[in-house]
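Notes for the structure review
Here is what each chain is made of, one letter per residue.
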Amino acid sequence: MDYKKAGVDIEAGYRSVELMKEHVKKTMREEVLGGLGGFSGAFSLSKIKEMEEPVLLSGTDGCGTKVKIAMILDKHDTIGIDAVAMCVNDIACAGGEPLFFLDYIACGKNEPEKIADIVKGVAEGCLQSGAALIGGETAEHPGLMKPDEYDVAGFAVGVCDRKDMITGDDLKDGDVLIGMASSGIHSNGFSLVRQVFNMKREALDTYYDSLGTTLGEALLAPTKIYVKALKSIKDAGVKIKACSHITGGGFYENVPRMLKEGTHAVIKKDSYPIPPVFQMLSNDGDVEEHMMYNTFNMGLGMVLAVEKDDVERTMDAIRAAGEDPYVVGHIEAGEKGVTLC
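Quantities reported herein were computed from a predicted structural model and do not represent experimental measurements.

**Examining unusual backbone geometry**
Phi angles above zero are rare outside glycine, and Asp74 is one such case at about 55°. Tracing the backbone through its elements, the reader meets Asp74 in the loop between α2 (67-73) and α3 (79-92). Despite not being glycine, Met298 shows a phi value in the positive range, around 55°. The topology assignment puts Met298 in the loop between α11 (289-293) and β12 (300-306).

**Thoughts on the pattern of salt bridges**
By the definition in use, this model includes 21 salt bridges. Salt-bridge contacts for Lys224 lead to Glu323; the nearest nitrogen and oxygen are separated by 3.0 Å. Taken together, the residues Lys224 in the loop between α7 (215-220) and α8 (227-235) and Glu323 in the loop between α12 (311-320) and β13 (325-333) connect sequence positions 99 residues apart. On the basis of relative accessibility, which here comes to 11%, the residue Glu323 falls in the buried class. One salt bridge in this structure joins Arg313 and Asp310, with 2.7 Å as the shortest N-O distance. Salt bridges here are not isolated pairs; linked through shared partners, they connect Lys172, Asp175, Lys241 and Glu307.

**Examining helix α4 (residues 112-129)**
Helix length check: α4 (18 residues) gives 26 Å between terminal C-alpha atoms against 26 Å at 1.5 Å per residue, within 8%. Residues of α4 that are buried: Pro112, Lys114, Ile115, Ala116, Ile118, Val119, Gly121, Val122, Ala123, Gly125, Cys126 and Ser129. Directly beyond the C-terminal end of α4, a positive phi value near 80° is found at Gly130.

Cut-off values and rules
- Residues numbered from 1 in each chain as written.
- Predicted model: local features only at pLDDT ≥ 70, side-chain atom pairs only at ≥ 80, totals over all residues.
- Heavy atoms only, no water.
- Helix = DSSP H or I, 4+ residues; strand = E, 2+ residues; numbered from the N terminus.
- Salt bridge = Lys/Arg side-chain N within 4 Å of Asp/Glu carboxyl O.
- Buried < 20%, exposed > 50% of the residue type's maximum accessible area, 1.4 Å probe, protein only.
- Expected span 1.5 Å × (residues − 1).

Given below as structure tokens:
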């Protein structure tokens, strides 16, 4: 008996590392010390000394059961983008710049080419956010997971000067809410999605005119990363007063998290286009509207608040970063919470 017969292939692990190196190299920043393969990732903090009061920010998350879609479709090169996005978007909406990311992949059997594909997506997410991929772990779990199953998660660390943190403390009546378009469902609500839609390969490969793509491709569309858009707003000289990453819990859970006591958010549901996949979900699953807005992002991945006089500059900065902005509502005095109308 040896480790390989017990279900863990050490040689496959070595090959996975070799295959992923080319993707990891693309994410390097000058602050990264050492190379891939050490016991820890090293990152110089020398640049942070330039800040008045540097604050480290962190985020950790995974892709939820969206990974099941990737497994069914045997397409693994974008799910890593989702893992990165879920972490770095949280850091960015607090005003931070993501510095580095580490991933964790658990699998039933280490198939080096598949693991390298997953890491390719992680590296792409890091490139989109400017974070360095400085380490990670691939763990084989024979007997705990089926040979073709895996899960991917990770965490990111970022930094900002305390004076630049987005806290919601300055929110006031009359501030304007701007939303940035999502790419679709992103990485939340897939336990419901998988109950509504047929999860057979042939069903996911079916093309729908309303979607402009196959159902599987629409569901697997990577989560948008908003780091560059938020930086573009800051570089335009606009102060973002509050910001919310619309993830699990949709609008009703996430929007109140950006508000201070005594402020209330009002969002107009007809102020932006809702991607057709959400209408399809609602119709096919007979999911009532409140539940849709309480589960999904409904087409807005990020919502932020700015002064009324800063709206045009904000919209221009978001467009310059390649994202689609919409004026979706406003802040008014009242009980902390959100109204969708």
